[in-house]
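Architecture and fold: a report
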Amino acid sequence: PARAVTTRREVEVGGVRRSFLLTVPDPAPAGPIPLVVAFHGGFGPGDQFRTTSHLDDQAAARGFIVAFPDGTVDADGEGILAVARTWNAGSCCGPARYLEVDDLAFFDALVADVARTDDVDADHVLVTGHSNGAMLAFRVACERPEAVAAVAPVAGSVEVLPCAPVQPPSVLAI
């Protein structure tokens, strides 16, 4: 059976280094492999979502790649704002929203980086997330519908209106 191999990667977005964990099954299945991008909830890092979702185990068992990106903190903030990782989901949330972080550009750079180094099936990029991460998953579906085959947000809401993509991806909203 395959095992999950997880490494930390970085991409540059607008002059800022952004990080994510990448889990690849070893051995990798033959041919292009689906990619799942999994956004953590507000205040947590990608590693926390990797641990609680068990998507890395599923990636190994089912033969897909999964990325766990890290949201943004307010480095100049105090208390929880200095450590709370959030996503700019449109009209929500926390430091990422008020700092106007371009999380769509981060998503684009992450997918491009993984596709450049791994045999990713560009027609099978899937996005999920929990809470604030689910809100970003909805935003990706609204604003990058051509880049994803499906989204599966969990416990989140649409924070980008209007949301009317010409060719919407499949959505499983939980």
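Let me sum up the structure you'll find in this document. (Residues numbered from 1 in each chain as written. Predicted model: local features only at pLDDT ≥ 70, side-chain atom pairs only at ≥ 80, totals over all residues. Heavy atoms only, no water.)

1. Observations regarding the overall build of the chain
- When its secondary structure is counted, the chain shows 5 helices and 7 strands.
- When the elements of the chain are put in sequence order from the N terminus, they spell out β-β-β-α-α-β-α-α-β-α-β-β.
- The C-alpha atoms of the chain give 15 Å as radius of gyration, which agrees with the globular expectation for 174 residues (16 Å, within 12%).
- Structurally, the chain occupies a C-alpha span of about 45 × 35 × 30 Å along its principal axes.
- The buried share of the chain, reckoned over its 174 residues, is 48%.
- If you take every contact in the chain between residues at least 6 apart in sequence, the share linking residues at least 24 apart comes to 60%.
- Per element, the accessible surface of the chain, about 8300 Å² overall, is 55% carbon and sulfur. (Helix = DSSP H or I, 4+ residues; strand = E, 2+ residues; numbered from the N terminus. Rg over C-alpha atoms; globule rule 2.2 N^0.38 Å. Buried < 20%, exposed > 50% of the residue type's maximum accessible area, 1.4 Å probe, protein only. Contact = heavy atoms within 4.5 Å. Areas by Shrake-Rupley, 256 points an atom, 1.4 Å probe, with all protein chains shown as cover.)

2. Brief notes about the pattern of salt bridges
- Tallied over the full model, the rule gives 12 salt bridges.
- Glu10 is the salt-bridge partner of Arg17, the closest N and O atoms lying 3.3 Å from each other.
- Residue Arg17 is classed as partly exposed on the basis of its relative accessible area of 48%.
- If you follow the salt bridges from partner to partner, you end up with Arg9, Asp113, Arg116 and Asp118 in one network. (Salt bridge = Lys/Arg side-chain N within 4 Å of Asp/Glu carboxyl O.)

3. Details of a nonpolar patch on the surface
- Residues Phe43, Ile80, Leu81, Val83, Tyr98 and Leu99 make up a contiguous nonpolar surface patch of about 580 Å² in total accessible area.
- Tracing the backbone shows Leu99 in the loop between helix H3 (94-98) and helix H4 (103-117).
- Assessed through its relative accessible area of 42%, Leu99 is described here as partly exposed. (Patch = residues over 30% accessible without salt bridge, like charges linked within 9 Å, V, L, I, M, F, W, Y side chains within 5 Å.)

4. Some thoughts on the packing of H4 against helix H5 (residues 132-143)
- Closest axis-to-axis distance for the H4/H5 pair is 11 Å, and the angle between their directions is 80°. In terms of axis orientation, H4 runs roughly perpendicular to H5. Contacts between H4 and H5 involve Asp103, Leu104 and Phe107 from the first element and Leu136, Arg139, Val140 and Glu143 from the second.
- Residues belonging to the contact of H4 with H5 are distributed by class as follows: 4 nonpolar, no polar and 3 charged. (Axes fitted to C-alpha atoms, helices over the stretch in contact; angles between N-to-C directions. Parallel < 35°, antiparallel > 145°, perpendicular 65-115°, else oblique. Nonpolar A, V, L, I, M, F, W, Y, C, P; charged D, E, K, R; others polar.)

5. What about the packing of aromatic side chains?
- Applying the stated criterion to the full structure yields 2 aromatic pairs.
- Arranged with centres 4.9 Å apart and planes meeting at 70°, the rings of Phe39 and Trp87 form a pair that is edge-to-face. Here Trp87 lies in the loop between strand E4 (65-69) and H3 and Phe39 lies in strand E3 (residues 33-39), a separation of 48 residues in the sequence.
- With centroids separated by 6.3 Å and ring planes inclined at 25°, the aromatic side chains of Trp87 and Phe106 adopt a geometry described as stacked. Taken together, the residues Trp87 in the loop between E4 and H3 and Phe106 in helix H4 connect sequence positions 19 residues apart.
- By the ring-pair criterion, three or more aromatic residues cluster together here, those being Phe39, Trp87 and Phe106. (Phe/Tyr/Trp six-rings, centres within 6.5 Å; stacked < 30°, edge-to-face > 60°.)

6. Some thoughts on the nonpolar core
- The biggest cluster of nonpolar side chains holds 37 residues, and the ones touching the most others in it are Leu35, Phe107 and Val127.
- Counting residues per element, the ones that place at least two in this core are strand E1 (3-13), strand E2 (16-26), E3, helix H2 (55-62), E4, H4, strand E5 (120-130) and H5.
- The greatest single-element share of this core, amounting to 7 residues, is contributed by H4.
- Discounting chain neighbours no more than four positions away, the residues touching Leu35 are Ile65, Val66, Ala67, Val111, Val114, Val120, His124, Val125 and Leu126. (Core = buried A, V, L, I, M, F, W, Y, C linked by side-chain atoms within 4.5 Å.)

These figures come from the coordinates and say nothing about function on their own.
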